Amino acid sequence: MRLLLLLCYYIFVSISEASDKLVKIATLHDYEPFCFSKEFGVEIIPPGKDSKYLKGYSWEIVRQSYHKMGYTIELNILPWPRALEFVKEGKVNLLFPAGKNSARQKIFHYSKEYVNEAKFLIYTLKNKSINWKGVKSLKGMNIAVKKDYNYGELFNNADYFNKISVNNISQGFKMLFANRVDGFAGYEKNWDYIISKEGNASNFKKYPYFGATYEYVVGNINDSLVIRLINVFDQGKRHIDFSGVTLKTQKEWFQNVDYM
(Lines give C-alpha, C1' and ligand atoms only; values in the text may rest on other atoms or scores of the structure.)
Protein backbone atom coordinates (compact mmCIF):
# COMPACT_ATOMS: atom_id res chain seq x y z
CA MET A 1 0.00 0.00 0.00
CA ARG A 2 2.82 2.38 0.92
CA LEU A 3 4.53 1.62 -2.40
CA LEU A 4 1.31 2.39 -4.26
CA LEU A 5 0.94 5.70 -2.43
CA LEU A 6 4.53 6.65 -3.23
CA LEU A 7 3.98 5.78 -6.88
CA CYS A 8 0.82 7.90 -7.02
CA TYR A 9 2.71 10.76 -5.35
CA TYR A 10 5.54 10.69 -7.89
CA ILE A 11 3.06 10.54 -10.79
CA PHE A 12 1.22 13.54 -9.33
CA VAL A 13 4.47 15.49 -8.88
CA SER A 14 5.58 14.65 -12.42
CA ILE A 15 2.28 15.82 -13.87
CA SER A 16 2.38 19.00 -11.76
CA GLU A 17 5.94 19.77 -12.86
CA ALA A 18 5.05 19.16 -16.50
CA SER A 19 2.06 21.48 -16.12
CA ASP A 20 4.22 24.09 -14.38
CA LYS A 21 6.66 23.99 -17.27
CA LEU A 22 4.17 24.60 -20.07
CA VAL A 23 3.93 27.98 -21.81
CA LYS A 24 1.15 28.81 -24.26
CA ILE A 25 2.42 31.10 -27.01
CA ALA A 26 0.77 32.71 -30.05
CA THR A 27 2.48 34.10 -33.12
CA LEU A 28 1.68 35.07 -36.70
CA HIS A 29 2.22 33.06 -39.88
CA ASP A 30 3.46 35.59 -42.45
CA TYR A 31 6.47 37.38 -40.99
CA GLU A 32 9.30 35.89 -43.03
CA PRO A 33 12.16 35.48 -42.12
CA PHE A 34 11.27 36.00 -38.44
CA CYS A 35 8.35 33.54 -38.21
CA PHE A 36 6.33 32.01 -41.02
CA SER A 37 4.16 29.02 -41.76
CA LYS A 38 1.91 27.79 -44.55
CA GLU A 39 -0.59 26.50 -42.00
CA PHE A 40 -2.47 27.71 -38.94
CA GLY A 41 -2.88 25.42 -35.96
CA VAL A 42 -1.77 24.32 -32.49
CA GLU A 43 1.25 22.16 -31.62
CA ILE A 44 2.78 20.86 -28.40
CA ILE A 45 6.58 21.11 -28.64
CA PRO A 46 8.67 19.63 -25.81
CA PRO A 47 12.34 20.51 -25.25
CA GLY A 48 14.58 19.28 -28.05
CA LYS A 49 11.78 19.20 -30.63
CA ASP A 50 10.83 21.73 -33.31
CA SER A 51 7.59 22.81 -34.93
CA LYS A 52 6.40 20.87 -37.96
CA TYR A 53 5.07 24.09 -39.46
CA LEU A 54 6.59 27.28 -38.05
CA LYS A 55 10.04 28.42 -39.19
CA GLY A 56 12.07 31.57 -38.77
CA TYR A 57 14.73 33.40 -36.79
CA SER A 58 12.43 34.78 -34.08
CA TRP A 59 10.77 31.41 -33.54
CA GLU A 60 14.22 29.85 -33.09
CA ILE A 61 15.12 32.44 -30.45
CA VAL A 62 11.89 31.94 -28.49
CA ARG A 63 11.91 28.14 -28.84
CA GLN A 64 15.53 27.75 -27.77
CA SER A 65 15.13 30.17 -24.85
CA TYR A 66 12.20 28.27 -23.34
CA HIS A 67 13.63 24.85 -24.12
CA LYS A 68 16.87 25.87 -22.43
CA MET A 69 14.79 26.44 -19.29
CA GLY A 70 13.08 23.05 -19.64
CA TYR A 71 9.72 24.36 -20.85
CA THR A 72 7.31 22.70 -23.26
CA ILE A 73 5.65 25.13 -25.69
CA GLU A 74 2.04 25.08 -26.80
CA LEU A 75 2.41 26.96 -30.08
CA ASN A 76 -0.62 28.70 -31.60
CA ILE A 77 -0.04 29.88 -35.21
CA LEU A 78 -2.72 32.47 -36.00
CA PRO A 79 -3.52 35.52 -38.14
CA TRP A 80 -1.98 38.47 -36.30
CA PRO A 81 -5.27 40.17 -35.26
CA ARG A 82 -6.50 36.89 -33.76
CA ALA A 83 -3.16 36.31 -32.02
CA LEU A 84 -3.51 39.73 -30.39
CA GLU A 85 -7.02 38.87 -29.23
CA PHE A 86 -5.90 35.48 -27.87
CA VAL A 87 -3.32 37.07 -25.59
CA LYS A 88 -5.68 39.89 -24.52
CA GLU A 89 -8.38 37.35 -23.62
CA GLY A 90 -5.98 35.00 -21.81
CA LYS A 91 -6.45 32.11 -24.24
CA VAL A 92 -2.65 32.02 -24.45
CA ASN A 93 -0.04 33.32 -22.03
CA LEU A 94 2.24 35.10 -24.46
CA LEU A 95 2.60 36.62 -27.90
CA PHE A 96 5.70 37.31 -30.03
CA PRO A 97 7.23 39.25 -31.67
CA ALA A 98 5.62 42.55 -30.67
CA GLY A 99 7.04 46.06 -30.97
CA LYS A 100 6.38 48.82 -28.47
CA ASN A 101 3.92 51.67 -28.85
CA SER A 102 1.90 53.65 -26.33
CA ALA A 103 -1.33 51.71 -26.89
CA ARG A 104 0.30 48.30 -26.45
CA GLN A 105 2.26 49.34 -23.37
CA LYS A 106 -1.02 50.02 -21.56
CA ILE A 107 -2.12 46.39 -21.89
CA PHE A 108 1.07 44.32 -22.33
CA HIS A 109 3.95 43.37 -20.07
CA TYR A 110 7.15 43.20 -22.16
CA SER A 111 10.20 40.97 -21.85
CA LYS A 112 13.45 42.72 -20.98
CA GLU A 113 15.31 40.73 -23.65
CA TYR A 114 14.28 41.41 -27.23
CA VAL A 115 13.58 38.77 -29.88
CA ASN A 116 14.47 40.73 -33.03
CA GLU A 117 14.80 44.27 -34.36
CA ALA A 118 12.63 45.99 -36.98
CA LYS A 119 13.90 49.09 -38.81
CA PHE A 120 11.27 51.18 -40.62
CA LEU A 121 11.88 52.66 -44.06
CA ILE A 122 10.26 53.52 -47.39
CA TYR A 123 10.74 51.69 -50.71
CA THR A 124 10.07 53.22 -54.13
CA LEU A 125 10.66 52.16 -57.70
CA LYS A 126 14.29 52.48 -58.77
CA ASN A 127 13.51 55.23 -61.30
CA LYS A 128 11.47 57.35 -58.87
CA SER A 129 12.76 59.63 -56.19
CA ILE A 130 11.58 61.25 -52.98
CA ASN A 131 13.35 64.34 -51.66
CA TRP A 132 13.78 62.56 -48.36
CA LYS A 133 13.55 64.67 -45.21
CA GLY A 134 11.81 62.14 -43.01
CA VAL A 135 8.17 61.08 -42.80
CA LYS A 136 6.98 64.60 -43.62
CA SER A 137 8.39 64.03 -47.13
CA LEU A 138 5.43 61.70 -47.80
CA LYS A 139 2.86 64.52 -47.73
CA GLY A 140 0.09 63.96 -50.29
CA MET A 141 1.42 60.53 -51.36
CA ASN A 142 -0.18 57.09 -51.43
CA ILE A 143 1.92 54.75 -49.28
CA ALA A 144 1.32 51.01 -48.99
CA VAL A 145 1.49 49.60 -45.46
CA LYS A 146 1.25 46.05 -44.15
CA LYS A 147 -2.11 45.62 -42.46
CA ASP A 148 -2.01 45.72 -38.63
CA TYR A 149 1.75 46.40 -38.49
CA ASN A 150 3.36 48.91 -36.14
CA TYR A 151 5.51 51.60 -37.80
CA GLY A 152 6.16 53.77 -34.75
CA GLU A 153 4.19 56.66 -33.31
CA LEU A 154 5.39 59.29 -35.81
CA PHE A 155 4.29 57.30 -38.87
CA ASN A 156 1.19 55.78 -37.25
CA ASN A 157 -0.17 59.20 -36.24
CA ALA A 158 0.67 61.03 -39.49
CA ASP A 159 -2.50 62.07 -41.36
CA TYR A 160 -1.01 64.04 -44.27
CA PHE A 161 -0.58 61.07 -46.63
CA ASN A 162 -2.78 58.11 -47.59
CA LYS A 163 -2.04 54.69 -46.09
CA ILE A 164 -3.11 51.82 -48.33
CA SER A 165 -3.27 48.51 -46.43
CA VAL A 166 -1.97 45.34 -48.08
CA ASN A 167 -2.33 41.75 -46.86
CA ASN A 168 1.24 40.62 -47.53
CA ILE A 169 4.63 41.99 -48.52
CA SER A 170 4.60 40.61 -52.06
CA GLN A 171 1.27 42.33 -52.72
CA GLY A 172 2.71 45.67 -51.62
CA PHE A 173 5.67 45.38 -53.99
CA LYS A 174 3.37 44.37 -56.85
CA MET A 175 1.31 47.51 -56.24
CA LEU A 176 4.48 49.58 -56.14
CA PHE A 177 5.78 48.05 -59.38
CA ALA A 178 2.42 48.76 -61.07
CA ASN A 179 2.56 52.44 -59.95
CA ARG A 180 -0.60 52.03 -57.88
CA VAL A 181 1.22 53.56 -54.87
CA ASP A 182 4.09 56.02 -54.53
CA GLY A 183 5.95 54.06 -51.90
CA PHE A 184 5.81 51.05 -49.59
CA ALA A 185 6.56 51.37 -45.88
CA GLY A 186 8.45 48.34 -44.62
CA TYR A 187 10.64 46.56 -42.11
CA GLU A 188 14.05 46.32 -43.74
CA LYS A 189 15.08 42.71 -43.02
CA ASN A 190 11.67 41.28 -43.82
CA TRP A 191 11.03 43.34 -46.95
CA ASP A 192 14.59 42.79 -48.27
CA TYR A 193 14.32 39.07 -47.56
CA ILE A 194 11.15 38.75 -49.66
CA ILE A 195 12.33 40.71 -52.70
CA SER A 196 15.71 39.00 -52.59
CA LYS A 197 13.98 35.61 -52.53
CA GLU A 198 11.64 36.62 -55.37
CA GLY A 199 14.54 37.98 -57.44
CA ASN A 200 13.21 41.49 -58.03
CA ALA A 201 15.28 43.59 -55.61
CA SER A 202 16.85 45.48 -58.53
CA ASN A 203 13.48 47.12 -59.30
CA PHE A 204 13.38 49.04 -56.04
CA LYS A 205 15.35 51.42 -53.86
CA LYS A 206 15.03 52.38 -50.23
CA TYR A 207 15.44 55.49 -48.11
CA PRO A 208 17.01 56.17 -44.69
CA TYR A 209 15.28 54.76 -41.62
CA PHE A 210 12.46 56.83 -40.17
CA GLY A 211 12.30 54.70 -37.03
CA ALA A 212 13.01 51.34 -35.46
CA THR A 213 11.85 49.09 -32.68
CA TYR A 214 12.98 46.00 -30.90
CA GLU A 215 10.32 43.31 -30.79
CA TYR A 216 9.61 41.32 -27.66
CA VAL A 217 7.65 38.56 -25.97
CA VAL A 218 4.53 40.10 -24.41
CA GLY A 219 1.54 39.13 -22.29
CA ASN A 220 -1.35 40.56 -20.26
CA ILE A 221 0.07 43.23 -17.97
CA ASN A 222 -2.20 42.22 -15.06
CA ASP A 223 -1.43 38.47 -15.09
CA SER A 224 1.16 37.33 -12.53
CA LEU A 225 1.72 34.04 -14.43
CA VAL A 226 2.58 36.04 -17.55
CA ILE A 227 5.20 38.01 -15.65
CA ARG A 228 6.77 34.78 -14.36
CA LEU A 229 6.80 33.20 -17.83
CA ILE A 230 8.35 36.29 -19.38
CA ASN A 231 11.06 36.23 -16.71
CA VAL A 232 11.74 32.63 -17.75
CA PHE A 233 12.16 33.76 -21.36
CA ASP A 234 14.58 36.49 -20.28
CA GLN A 235 16.71 33.97 -18.39
CA GLY A 236 16.69 31.54 -21.30
CA LYS A 237 17.56 34.26 -23.78
CA ARG A 238 20.55 35.33 -21.71
CA HIS A 239 21.70 31.71 -21.60
CA ILE A 240 21.57 31.29 -25.40
CA ASP A 241 23.25 34.67 -25.90
CA PHE A 242 26.12 33.67 -23.61
CA SER A 243 26.52 30.21 -25.16
CA GLY A 244 26.68 31.56 -28.72
CA VAL A 245 23.37 30.03 -29.86
CA THR A 246 21.90 33.45 -30.74
CA LEU A 247 24.88 34.40 -32.90
CA LYS A 248 24.80 31.01 -34.64
CA THR A 249 21.08 31.43 -35.35
CA GLN A 250 21.67 34.92 -36.79
CA LYS A 251 24.28 33.53 -39.17
CA GLU A 252 22.03 30.68 -40.25
CA TRP A 253 19.19 33.03 -41.17
CA PHE A 254 20.90 36.16 -42.44
CA GLN A 255 24.47 35.79 -43.63
CA ASN A 256 23.54 34.36 -47.06
CA VAL A 257 20.73 36.82 -47.84
CA ASP A 258 21.56 39.20 -50.68
CA TYR A 259 20.24 42.41 -49.13
CA MET A 260 19.94 45.57 -51.20
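How each quantity is defined
Residues numbered from 1 in each chain as written. Predicted model: local features only at pLDDT ≥ 70, side-chain atom pairs only at ≥ 80, totals over all residues. Heavy atoms only, no water. Helix = DSSP H or I, 4+ residues; strand = E, 2+ residues; numbered from the N terminus. Buried < 20%, exposed > 50% of the residue type's maximum accessible area, 1.4 Å probe, protein only. Contact = heavy atoms within 4.5 Å. Areas by Shrake-Rupley, 256 points an atom, 1.4 Å probe, with all protein chains shown as cover. Lys, Arg positive; Asp, Glu negative; His and termini not counted. Charge placed at Lys NZ, Arg CZ, Asp CG, Glu CD. Pairing = 2+ DSSP bridges. Expected span 1.5 Å × (residues − 1). Phe/Tyr/Trp six-rings, centres within 6.5 Å; stacked < 30°, edge-to-face > 60°. Lys NZ or Arg CZ within 6 Å of the ring centre and 35° of its normal. Core = buried A, V, L, I, M, F, W, Y, C linked by side-chain atoms within 4.5 Å.

Chemist: Would you mind showing me how to read the overall build of the protein here?
Modeler: Along the protein, the regular secondary structure elements total 9 helices and 13 strands. When burial is assessed residue by residue, the protein has 49% of its 260 residues classed as buried. Of the contacts made within the protein by residues no fewer than 6 positions apart, 72% connect residues no fewer than 24 positions apart. Approximately 13,500 Å² of the protein is accessible, and the part contributed by carbon and sulfur atoms is 52%. For the protein, the separation between the mean place of its 36 positive charges and that of its 26 negative charges on side chains is 3 Å.

Chemist: Would you mind going over the pairing of strand E6 (residues 94–99) with me for this structure?
Modeler: Within a regular strand, side chains alternate between the sheet's two faces. Buried residues dominate E6, accounting for 6 of its 6 residues. Across 2 bridges, strand E1 (residues 22–27) lies against E6 in parallel orientation. Its bridge partner being in E6, Ala26 is matched across the sheet by Leu95. One ladder, built from 3 bridges, connects E6 with strand E13 (residues 211–220); its direction is antiparallel. Following the sheet pairing, Leu95 is matched in E13 by Val218.

Chemist: Whenever I open this one, helix H2 (residues 57–68) confuses me. Can you help?
Modeler: Note: α-helices contain 3.6 residues per turn, so residues at a spacing of three or four share the same orientation. Look at H2: 16 Å from first C-alpha to last across 12 residues, which is about the 16 Å you get at 1.5 Å a residue. At the C-terminal side of H2, Gly70 shows a positive phi close to 85°.

Chemist: Can you help me understand unusual backbone geometry in this one?
Modeler: One can expect most non-glycine residues to show negative phi and most peptide bonds to be in trans. The amide bond that connects Glu32 to the next residue, Pro33, takes the cis arrangement and shows omega of 10°. By the element assignment, Pro33 lies in the loop between strand E2 (30–31) and strand E3 (35–36). Pro97 follows Phe96 through a cis peptide bond whose omega is -15°. Mapped onto the elements, Pro97 comes out in strand E6. With a phi angle near 70°, Asp148 is a residue other than glycine that sits in the positive phi range. Relative to the assigned elements, Asp148 resides in the loop between strand E9 (142–146) and helix H5 (153–157). The residue Asn179 is not glycine, and still its phi comes out positive at about 65°. For Asn179, the position within the fold is in the loop between helix H6 (169–177) and strand E11 (183–187). The class of Asn179 is partly exposed, set by a relative accessible area of 45%.

Chemist: What is the right way to read the packing of aromatic side chains from this model?
Modeler: Aromatic rings in a pair are described by how distant their centres are and how their planes are angled relative to each other. By the definition in use, this model includes 28 aromatic pairs. A ring pair is formed by Phe34 and Tyr57, whose centres lie 6.3 Å apart and whose planes are at 55°; its orientation type is tilted. One end of the pair, Phe34, is in the loop between E2 and E3; the other, Tyr57, is in helix H2, with 23 residues separating them in the sequence. The same class applies to Phe34 and to Tyr57, which are both buried. Judged by centre distance (6.0 Å) and plane angle (40°), the ring pair of Tyr66 and Phe233 falls under tilted. Of this pair, Tyr66 sits in helix H2 while Phe233 sits in helix H8 (residues 224–243); the two residues are 167 residues apart in sequence, bridging distant segments of the chain. Judged by its relative accessible area of 0%, Phe233 is buried. Seen from the ring of Tyr110, Lys100 lies directly overhead, with NZ or CZ sitting 5.4 Å from the centre. Over the ring of Phe254 we find Lys189, and its NZ or CZ is 4.2 Å from the ring centre.

Chemist: Help me understand the nonpolar core in this model?
Modeler: Across soluble globular proteins, nonpolar side chains have a tendency to be buried as a group. Grouped together as the largest cluster of nonpolar side chains are 81 residues, with contacts concentrated most on Tyr66, Ile122, Leu138 and Phe155. When near neighbours in sequence (up to four residues on either side) are disregarded, Ile122 contacts Ile130, Trp132, Leu138, Ile143, Phe155, Gly183, Phe184, Ala185, Lys205, Lys206, Tyr207 and Phe210.

Chemist: Hey, could you run me through the environment of Leu94 in this one?
Modeler: Take Leu94: it is sitting in strand E6. Under the relative-accessibility criterion, Leu94 is labelled buried at 0%. Sequence-wise, Leu94 and Glu198 are 104 residues apart; in three dimensions their C-alpha atoms are separated by 32 Å. Beyond its immediate chain neighbours, meaning those up to four positions away, Leu94 contacts Val23, Lys24, Ile25, Ala26, Tyr66, Val87, Val217, Val218, Gly219, Val226, Leu229 and Ile230.

Keep in mind these values describe shape, not function.
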